[in-house]
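# Inside the fold
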Amino acid sequence: MSAPQSGSASARPFAEVSRMRTLHLQRAKDSGEKFSMLTSYDVLTAGIFDAAGVDVLLVGDSLGNTVLGHESTLPVTLDQMITFAAAVVRGTNRALVVVDLPFGSYEESPEQAVRSAVRVMRETGAHAVKLEAGEALAGHVAAVVRAGIPVMGHIGFTPQSEHALGGFRIQGRGDAAAQLRRDALAVQDAGCFAVVLEMVSADAARDVEQKLTIPTVGIGAGNVTTGQVLVWQDMLGLRTGTMPRFVKQYAQLAETAHDAVAQYVAEVRSGAFPGEEHSYRG
Ligand code: KIV
């Protein structure tokens, strides 16, 4: 069990913090430090990313695309999120685990949002939830926060509203910058401990980061935000094809896996596998 912590984040460097908490993210904002966030949907990647020092693991509803093969995040259910999130929590020692409330699980009313968030916290052991919510759903966010559950907001391009937003488009440009600012201030006032800015112009992101007292987490929002988040299959090259401009690929896992599996297939066909060392005797 990690040591109890008081109301302020300890001043230890992030790498030495035994359990990341929302307080540490606020400390990052206050002191000009940066933190990293990465998606994870299963116990093995959670363990690897946690050991590598990722500060926040996001069980994103992007699993609808990256794990379940849907065209969008819209079909993902709360039950599915809970199954994947519980696995991530089981693989994590240090990172703060944040879980997306999926489409249809919170928009109806503040009560519905609280019910869904309570299920996530109770059934997974995660540390916080994320809602794709700005000014319009600030009341829902506030209700979840009042229930004692930390909430991360998500504004800018919000994939659950893809159709309402007219597809994948950069948000916060021109006149839209004012609405982005209102969304950010509304979720901060509602009690969010951080807010994701997805696919917004770097200028709009800078404006929001400067106006808010809570940390922002960017994905396609330039490098001014306190935190950065990416989808792991994108950044490790497990997903192939055209990537959004904001993705940097740090590895080519699809290629590595393809070549390894092709070698396995060839060795099975030729009889080279299994060898003596993989066989039982007697
Ligand atoms: O679902 C997800 O992976 C997300 C990130 C893109 C921020 O919400």
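Residues numbered from 1 in each chain as written. Predicted model: local features only at pLDDT ≥ 70, side-chain atom pairs only at ≥ 80, totals over all residues. Heavy atoms only, no water.

Put simply, the rule reads: UniProt positions are given in the numbering used here, feature names are shortened, and annotations may be inferred rather than shown by experiment.
The chain is annotated in an unreviewed UniProt entry as 3-methyl-2-oxobutanoate hydroxymethyltransferase from Kocuria varians. Per UniProt, the chain carries the Subcellular location (unreviewed entry) text "Cytoplasm".

### Quick look at the overall build of the chain
Condition: For helices the rule is a DSSP run of H or I covering at least 4 residues; for strands it is a run of E covering at least 2, with both sets numbered from the N terminus onward. Throughout, the radius of gyration refers to the C-alpha atoms, and the reference size of a globule is 2.2 Å times the residue count to the power 0.38. Here's how the labels work: a residue is buried when its accessible area is under 20% of the maximum for its type, exposed when over 50%, partly exposed in between, all with a 1.4 Å probe on protein chains only.
In terms of helices and strands, the chain carries 10 helices and eight strands. Taken over the C-alpha trace, the chain has a radius of gyration of 20 Å; the compact-globule value for 282 residues is 19 Å, and the two agree within 12%. Based on the C-alpha atoms only, the size of the chain along its principal axes is roughly 70 × 45 × 35 Å. Out of the 282 residues in the chain, the part that is buried amounts to 50%.

### What about the nonpolar core?
For clarity, the threshold we go by: Nonpolar cores were defined as sets of buried Ala, Val, Leu, Ile, Met, Phe, Trp, Tyr and Cys residues, with membership established by side-chain atoms within 4.5 Å. Throughout, a residue-residue contact means that at least one pair of heavy atoms, one from each residue, lies within 4.5 Å.
Judged by nonpolar contacts, the single largest core of 56 residues is most densely connected at Val 59, Val 99, Leu 101, Val 129 and Leu 131. The element contributing the most residues to this core is helix H4 (residues 78–90), with seven residues. In this view, Val 129 contacts Val 98, Val 99, Leu 101, Ala 117, Val 120, Met 121, Val 144, Ile 149, Pro 150, Val 151 and Met 152; residues no more than four positions away in its chain are not counted. Core analysis: the next-biggest nonpolar cluster, separate from the first, contains 19 residues, Met 20, Ala 128, Ala 194 and Val 229 among them.

### So, the sheet that holds strand E8 (residues 227–230)
Applicable threshold: Strand pairing is assigned whenever DSSP identifies at least 2 bridges connecting the two strands. Comment: axis = line fitted to C-alpha atoms, over the contacting stretch for helices; angle = value between 0 and 180 degrees taken between N-to-C directions.
The strand order E1-E2-E3-E4-E5-E6-E7-E8 describes a closed barrel built from eight strands, whose pairing is parallel. Averaged over all neighbouring strand pairs, the angle between strand axes comes to 25 degrees, with direction disregarded. Judged from the four bridges that link them, strand E2 (residues 56–59) and strand E3 (residues 96–100) form a sheet pairing that is parallel. Paired with Leu 57 across the bridge in E3 is Val 97.

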